[in-house]
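Below are the chains, spelled out letter by letter.
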Amino acid sequence: MAEAISKVNSSHSIPKVQVENVAKQYEEPKKKQTKVKVENLTKQFDEENKELLFSKNINPDAIFEDDEDGYVLKNVSLNIEEGEFIIFLGASGCGKSTLLNIIAGFLDTTEGRVLLDGKEIKKPGPERGVVFQSAESAIFPWLNVQKNVEYGLKVQRVDRKKRKQIAADAIALVGLSGHEKKYPSELSGGMRQRVQIARSIASNPEILIMDEPFGALDAQTRRTLQDELISIWKKTGKTILFVTHDLQEAVYLGQKICIFSAAPNANIVYQEEVPFDYPRDPENQEIAEYTTQIHAKLEQAINAHGKVPVDKSAVGI
């Protein structure tokens, strides 16, 4: 192609800049890079899973009754591209958070592996920032907002002046400017969650791992933080992995929705690309119809196999 354009240029004296612009039109689009690759992952039900379920107020006996040697996840494979906003959607106890914790490096696999930029994940790392469901268990009550956000940078031994500026930028990004000197006890639930998000962003991870971060918030605060998260994602280009059992939240936020079947032996049954640009209006007819389609697929996935009855809260009924 470049040779053909060069001949046209020499015979017709087309300006070089114009030729370069034409050549750019014929360039191959850049291939997206795989950021996280999950290969045939299986996770057996064990004490770690029991603790994880109990932390979410889920009774593991209801899922693994008479099957304590069963598997939470069975033969899960998934490719996550750099910069994607991925949603893990499914009923309570289906292994969404287990997979998230394996990617974070907090849990081991039983079989299979997870790769980050081609390297197997063996432990937590600074390239993965984690935002938990409860800010109360994640931020330090004896530190003010500024100090909480700076904490990870301090552990990394970032220069004091530099970390103060980085923290200030992260605090501004989540809309907490002016609250730097306040302590967690002086903040609302939504503001405390913002502190947790700011602390993760301040450490500049390549991936944000978020486990139902807005689940305990009221509807208005939840929508505000959802919009802020979309804005942060657009500004930073980070890869986001987000667990929810809220159908509307999944459609509102995600580029791709991974729908899990029920445990035991859960798997990702569907991977659905969300075909709408941001911002999204849940009242829009096309989006409402799409949400209904995802609802139906979620019900099918939940009933695909396993011993758990349909979790009505998970499908928005």
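It should be emphasised that the depicted structure is a prediction, and the values quoted were computed from it without experimental measurement.

1. Remarks on the sheet that holds strand E8 (residues 239-244)
Step number 1: Pairing is mixed in the open sheet, where 6 strands are placed in the order E6-E7-E8-E3-E9-E10. Edge positions in the open sheet fall to strand E6 (128-131) and strand E10 (268-273), since each of these has one partner strand only. Neighbouring strand axes in the sheet, compared pairwise and without regard to direction, differ in orientation by 15° on average.
Step number 2: Two strands pair when backbone bridges link them, and E6 and strand E7 (residues 207-211) are joined in this way by 4 bridges, in the parallel orientation.

2. Regarding the environment of Gln 196
Step number 1: On the secondary structure map, Gln 196 appears in helix H8 (residues 189-202).
Step number 2: Linking Gln 196 and Val 130, residues 66 residues apart in sequence, is a C-alpha distance of 8.8 Å.
Step number 3: Look past the residues within four positions of Gln 196 in its chain and what remains in contact with it is Val 130, Val 131, Phe 132, Ser 134, Ala 135, Ala 138 and Ile 139.

3. Some points on the side chain of Arg 128
Step number 1: On the secondary structure map, Arg 128 appears in strand E6.
Step number 2: Ignoring any residue separated from it by four or fewer positions in sequence, one finds Arg 128 in contact with Ile 103, Ala 104, Gly 105, Leu 116, Ile 121, Lys 123, Pro 205, Ile 207 and Ile 209.

4. Some remarks on the pairing of strand E9 (residues 256-260)
The side chains of a regular strand alternate, first on one face of the sheet and then on the other.
Step number 1: Across the 5 residues that make up E9, a large majority, 5, are buried.
Step number 2: Side chains Lys 256, Cys 258 and Phe 260 of E9 all project onto a buried face; the interleaved residues Ile 257 and Ile 259 project onto the opposite face, where all are buried too.
Step number 3: Inspection of the sheet shows strand E3 (residues 85-89) paired to E9 by 4 bridges, in the parallel sense. Among the inter-strand pairings, Leu 89 is bridged to a residue of E9, identified as Ile 259.
Step number 4: Across 5 bridges, E9 lies against E10 in antiparallel orientation. Looking at E10, one finds that Phe 260 is bridged to Ile 268.

5. With respect to the environment of Glu 82
Step number 1: Along the polypeptide, Glu 82 turns up in the loop between strand E2 (71-81) and E3.
Step number 2: Residue Glu 82 is classed as partly exposed on the basis of its relative accessible area of 46%.
Step number 3: It is 6.8 Å that separates the C-alpha atoms of Glu 82 and Lys 32, two residues lying 50 residues apart in sequence.
Step number 4: Contact partners of Glu 82, with chain neighbours within four places excluded, come to Gln 33, Lys 35 and Thr 239.

What counts as what
- Residues numbered from 1 in each chain as written.
- Predicted model: local features only at pLDDT ≥ 70, side-chain atom pairs only at ≥ 80, totals over all residues.
- Heavy atoms only, no water.
- Pairing = 2+ DSSP bridges.
- Helix = DSSP H or I, 4+ residues; strand = E, 2+ residues; numbered from the N terminus.
- Axes fitted to C-alpha atoms, helices over the stretch in contact; angles between N-to-C directions.
- Contact = heavy atoms within 4.5 Å.
- Buried < 20%, exposed > 50% of the residue type's maximum accessible area, 1.4 Å probe, protein only.

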